[in-house]
Amino acid sequence: MKKIVVAYSGGLDTSIIIHWLKKKYNAEIIAYTADLGQGEYLEPLKKKAIKTGASKIYIEDLREEFVKEYVFPSLKACALYENKYPLATALGRPLIAKRLLEIAKKEKADAVAHGCTGKGNDQVRFEATFAALNPDIEVIAPLREWELKSREEEIDYAIKHKIPVDITKKSPYSIDRNLWGISIECGALENPWKEPPEDAYQITQSPLKASNKPAYIEIYFEAGIPRKLNGKSIKSVNLIENLNQLGAQNGVGRIDMVENRLIGIKSREIYEAPAAVILHNAHNALEALVLDRETMHFKQIISQKYAEIIYYGLWHSSLKEALDEFVDKTQENVTGTIKIKLYKGNSTIVGRKSKFSLYSENLATYTSKDTFDHKSAKGFIDIWSLPLKIRALLEKNR
Ligand code: ARG
C-alpha cells in the first residue's frame, strides 16, 4: 500500500484531499500541519484529520524557525515583491515543504501532496522546494487533477462521503495567514476598481476608527535583526506578535495591490501585515543612516531580485545563497535604534540613532558650526560636469 504525507490545514480543500487520495491511490494518508502563527487553535485538527481518514497527524509549532530562518533574512534583504508585498505566504511555503519531506522520509512515504490551486504561485513554491531537496519524491497535486470545479461541488463531495467539514465558516474571501501577514483575495476584491470592503480586513482597525492619539515605539536592531522593543529584549516571535497588535490597533499594515503572479496572471490581492510594514520601514531607516550611498543603492537592486527569488519559489537556489552572503556583509553595521510613530494607518519614522551612523551634523548643518569646505565643491563640480560641457561645446560648434 502507498503512503502519502499531505499538507493539511483542516479546511474544505485539504479535508477532501485526504478522502480523495485515500480512495484514488488506495493509500495510507498522514496529515501534516505547521503552526506558522495563523492565529488558529490547531488542537481540534488532531481529531478532525483522523475522522476525515488520516491514519496519523503531525502538528508542529514552526513559528520560531519561520521567523529566524525565513522572515528575518527577507527583512535584512529588504525583500518586498513589486515594492509592496512582504511575502508572508511565499516565505512559509519552503518551510512547510521542507518539513513535509522530512516527515515523508521518517514515515518511509512514497509521495507528498498539497492542496494548492493550479493557477497560483504556491504550487510552484511547494514543488520547487520538493525538487530542490528531494528530486526523487513523487508529488501529487489533487486540485490540478480532480474533477471538482467549485466550492459547491466540493461541499457536495464532502456531504456524499460524510467528510466532516465546517461549511458555516464560509467567507467570500480566500485567506492565508501567518505571523508575517495575511493574504486576502476573491469575492469583491476580484474587481480591481472596487475599494476593499471593511469586512475583507481580518485584523487591522480602519484608520478612520483608529485612536486619535499616536503610539510611539522604539525598535533596536543588531546587525539587521530586531532585538528590542522599547528598550527591552524580546523574543522574535513575541516581537512580531506585539507589533502586529499595536500596528493593527492603529490601522497600520494594509496593502492593496494588483500583482504579477509567476504563472502569468495578474491578480488583485490585499494584505495585512502590520509588523512587516513597521519592521521594513524601521530597517530601511536604519540602513539609510549607516550604509554608504553606493552600498545602499546597489543593495536596492539586490532587494528586488531577492524578493523575486522568494516569490518565485527559488528559496533553495544558488543565487539566493550567494545573495545572502552579500546581504549579511551589508548588515554588519545595521545596529541602532529607530523611533516610530503609529497613527491612523501610518507608521512614520520620527527618530534614528546608531553607533555606526555615517551622519555628521557638523557637515550637514547650515549653522556656524558647519565644517564642510564649501570651496572644494567648485573643483568637484568642474570635473563632474566636464563631459556635459565637452558635449555642449561640440554641439555649439557644429
Ligand atoms: N498572492 C500571494 C502570493 O502569491 C498570496 C497567495 C495566497 N493567497 C490567498 N489569499 N490564499 O504569495
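Check the entry above for the structure.
Residues numbered from 1 in each chain as written. Predicted model: local features only at pLDDT ≥ 70, side-chain atom pairs only at ≥ 80, totals over all residues. Heavy atoms only, no water.

**Q** Explain the overall build of the protein to me, please; I cannot follow it from the model alone.
**A** In terms of helices and strands, the protein carries 14 helices and 14 strands. Along the first, second and third principal axes, the C-alpha set of the protein runs to 85 × 55 × 45 Å. In the protein, buried positions account for 47% of the 398 residues. When the accessible area of the protein is evaluated, it comes to approximately 21200 Å², of which 52% is carbon and sulfur surface. Side chains of the protein give 59 positive and 52 negative charges; the mean places of these two sets differ by 3 Å. (Helix = DSSP H or I, 4+ residues; strand = E, 2+ residues; numbered from the N terminus. Buried < 20%, exposed > 50% of the residue type's maximum accessible area, 1.4 Å probe, protein only. Areas by Shrake-Rupley, 256 points an atom, 1.4 Å probe, with all protein chains shown as cover. Lys, Arg positive; Asp, Glu negative; His and termini not counted. Charge placed at Lys NZ, Arg CZ, Asp CG, Glu CD.)

**Q** Sorry, what's going on with the site of the ligand here?
**A** As a matter of local geometry, the ligand sits amid 15 residues, with Y85, N121, S174, E259 and E269 nearest to it. Here a nitrogen atom of the ligand and a side-chain polar atom of Y271 are 3.1 Å apart. When residues of the shell around the ligand are traced back to their parent elements, those giving at least two are α4 (88-106), α5 (122-133), β6 (174-178), β7 (181-185) and β12 (266-272). Sort the elements by how many residues they give to the shell around the ligand and β7 lands first, with three residues. By residue class, the composition of the shell around the ligand is five nonpolar, four polar and six charged. (Near = heavy atom within 4 Å. Polar contact = N/O pair within 3.5 Å; in protein donor to acceptor, adjacent residues only side chain to side chain. Nonpolar A, V, L, I, M, F, W, Y, C, P; charged D, E, K, R; others polar.)

**Q** Quick question: what am I supposed to make of the packing of aromatic side chains here?
**A** Between two aromatic rings, the relevant description is the distance of the centres plus the angle of the planes. Going through the model one piece at a time under the given rule, you end up with 11 aromatic pairs. Look at W20 and Y25: their rings are 6.5 Å apart centre to centre, the planes differ by 75 degrees, and that puts the pair in the edge-to-face class. What makes W20 buried here is its relative accessible area of 7%. Among the aromatic residues, those joined into a cluster by ring pairs are Y81, Y85, Y271, Y311 and Y312. (Phe/Tyr/Trp six-rings, centres within 6.5 Å; stacked < 30°, edge-to-face > 60°.)

**Q** Explain helix α11 (residues 318-330) here, please?
**A** Since the α-helix packs 3.6 residues into each turn, any two residues three or four apart lie on the same face. Under the 1.5 Å per step criterion, the end-to-end length of α11 is 19 Å for 13 residues, consistent within 8% with the ideal 18 Å. Those residues of α11 that sit buried are K320, L323, D324, V327 and T330. Buried residues of α11, seen end-on, are gathered within an arc of 125 degrees and therefore sit on one face of the element. Residues of α11 that are exposed and angled more than 90 degrees away from the buried face: S318, E321, E325 and K329. Looking at the buried residues of α11, the elements they touch are α3 (63-76) and α10 (293-311). (Expected span 1.5 Å × (residues − 1). Arc of directions from axis to C-beta. Contact = heavy atoms within 4.5 Å.)

**Q** Can you help me understand unusual backbone geometry in this one?
**A** Excluding glycine, residues mostly carry a negative phi; peptide bonds, for their part, are mostly trans. Residues other than glycine seldom take positive phi values, yet N83 does so here, at roughly 65 degrees. Considering the arrangement of structural elements, one finds N83 in the loop between α3 and α4.

**Q** Hey, could you run me through a negative patch on the surface in this one?
**A** A surface patch of negative charge is lined by E147, E152, E153 and D156. Inspection of the secondary structure assignment puts E153 in helix α7 (residues 151-160). With relative accessibility at 33%, the residue E153 sits in the partly exposed group. (Patch = residues over 30% accessible without salt bridge, like charges linked within 9 Å, V, L, I, M, F, W, Y side chains within 5 Å. Salt bridge = Lys/Arg side-chain N within 4 Å of Asp/Glu carboxyl O.)

**Q** Is there a simple way to explain the pattern of salt bridges in this structure?
**A** Any two side chains of opposite charge can pair, so long as their charged atoms come close to each other. Counting across every chain of the model gives 26 salt bridges. For K56, the salt bridge goes to E107, with nearest N and O atoms at 2.5 Å. Linking K56 in strand β3 (residues 56-61) with E107 in the loop between α4 and β4 (111-113), this pair joins segments that are 51 residues apart in sequence. Across the salt bridge formed by K76 and D328, the nearest N and O atoms sit 2.8 Å from each other. Taken together, the residues span a long stretch of sequence, with K76 in helix α3 and D328 in helix α11 at a distance of 252 residues.

**Q** Looking at this model, I keep getting lost on the nonpolar core. Mind explaining?
**A** Most often, soluble globular proteins keep nonpolar side chains buried together rather than apart. Counting residues in each nonpolar core, the largest one holds 75 residues, and the members touching the most others are L87 and I219. When residues in this core are grouped by element, the largest group, 10 residues, is from α4. Sequence-distant contacts of I219, defined by excluding residues within four places in its chain, comprise P226, K228, L229, L243, I278, L279, A282, G336, T337, I338 and I340. With 27 residues, the next largest nonpolar core counts W20, A27, L42 and L45 among its residues. (Core = buried A, V, L, I, M, F, W, Y, C linked by side-chain atoms within 4.5 Å.)

**Q** What's the story with empty space enclosed by the protein in this structure? I'm lost.
**A** In this approach, a probe sized like a water molecule rolls over the atoms, and the result shows the empty space that is left. By the definition in use, this model includes one cavity of 30 Å³ or more. In this structure, the largest cavity spans a volume of roughly 40 Å³. Surrounding the largest cavity, A90, P94, R125, T129, I309, I310, G313, L314 and W315 form its lining. Per-class residue counts for the lining of the largest cavity are six nonpolar, two polar and one charged. (1 Å grid on protein atoms, 1.4 Å probe; cavity = no way out; pocket = protein on both sides within 12 Å on 5 of 7 lines; lining within 4 Å. Points joined across faces, edges and corners; volume = space filled by probe spheres on them.)

**Q** Just checking my understanding: could you explain the sheet that holds β7 for this structure?
**A** Strand pairing in a sheet relies on backbone hydrogen bonds. The paired strands run either parallel or antiparallel. Taken in spatial order, the four strands of this open sheet run β6-β7-β12-β11, and their pairing is antiparallel. For this open sheet the edge positions go to β6 and β11 (254-260), each flanked by a neighbour on one side alone. Across the sheet, the axes of successive neighbouring strands diverge by a mean angle of 25 degrees, strand direction being ignored. α4 rests against β6 and β7 of the sheet, and its axis sits at about 70 degrees to β6. (Pairing = 2+ DSSP bridges. Axes fitted to C-alpha atoms, helices over the stretch in contact; angles between N-to-C directions.)

**Q** How should the side chain of H280 be read in this particular structure?
**A** Turning to its location among the elements, H280 is positioned in helix α9 (residues 274-290). Residue classification places H280 among the buried positions, given a relative accessible area of 4%. If we skip the residues at most four places from it in the chain, H280 touches S74, L75, C78, A79, L80, P86 and W180.

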